[in-house]
Amino acid sequence: MPKASKGVLVECDPAIKAIILKIDQEKNEYIVEDLDDTHLMVKDSKVQALKAKLDEELKNAVSYPDEDDDSDRG
């Protein structure tokens, strides 16, 4: 008999999806099903926690130089 899980359909670009898959890889606690290149089914109870983890990953991945830093200007 099939087992049903409550989830949320997440649509994102492939780059964001890759980050989400990386986050889930550690404990397999967020993703119910990997549907296609741009869609995932995420556990309903874990959506907010996943958003927080994703925000953290994105903040760590993107860094901007200080506007006041003249060291890279000629």
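Since this is a predicted model, take the numbers as computed values, not measurements.

Quick notes on the rules
- Residues numbered from 1 in each chain as written.
- Predicted model: local features only at pLDDT ≥ 70, side-chain atom pairs only at ≥ 80, totals over all residues.
- Heavy atoms only, no water.
- Helix = DSSP H or I, 4+ residues; strand = E, 2+ residues; numbered from the N terminus.
- Buried < 20%, exposed > 50% of the residue type's maximum accessible area, 1.4 Å probe, protein only.
- Contact = heavy atoms within 4.5 Å.
- Areas by Shrake-Rupley, 256 points an atom, 1.4 Å probe, with all protein chains shown as cover.
- Expected span 1.5 Å × (residues − 1).
- Arc of directions from axis to C-beta.
- Salt bridge = Lys/Arg side-chain N within 4 Å of Asp/Glu carboxyl O.

> Help me get a handle on the overall build of the protein, residues and values and all.
Along its length, the protein carries 2 helices and 3 strands. Mapped in sequence order, the helices and strands of the protein form the string β-α-β-β-α. The proportion of buried residues among the 74 residues of the protein is 19%. Sequence-distant contacts, at least 24 apart, represent 50% of the contacts inside the protein between residues at least 6 apart. Split by element, the accessible area of the protein, about 6100 Å² in all, is 48% carbon and sulfur.

> So, helix H2 (residues 47-61): which residues are in play, and what are the values?
If you check H2, its first and last C-alpha atoms are 21 Å apart, about what 15 residues at 1.5 Å a residue would give, namely 21 Å. Residues of H2 that are buried: Val-47, Leu-50 and Leu-54. Buried positions in H2, seen along its axis, are confined to an arc of 60° and lie on one side of it. With respect to the buried face of H2, the exposed residues turned more than 90 degrees away are Gln-48, Lys-59 and Asn-60.

> Pulling in residues and values, what's your account of the pattern of salt bridges?
Any two side chains of opposite charge can pair, on the condition that their charged atoms come close. Tallied over the entire structure, the rule returns 4 salt bridges. When the shortest N-O distance is used, the salt bridge between Asp-44 and Lys-6 registers 3.9 Å. Of this pair, Asp-44 sits in the loop between strand E3 (39-43) and H2 while Lys-6 sits in the segment before strand E1 (7-11), placing them 38 residues apart in sequence. A residue is classified by how much of its surface remains accessible, and Asp-44, at 37% relative accessible area, is partly exposed. The closest approach of N and O atoms between Lys-22 and Glu-57, which form a salt bridge, is 3.3 Å. Of the two residues, Lys-22 sits in helix H1 (residues 14-25) while Glu-57 sits in helix H2, which places them 35 residues apart along the sequence. The class of Glu-57 is partly exposed, set by a relative accessible area of 28%.

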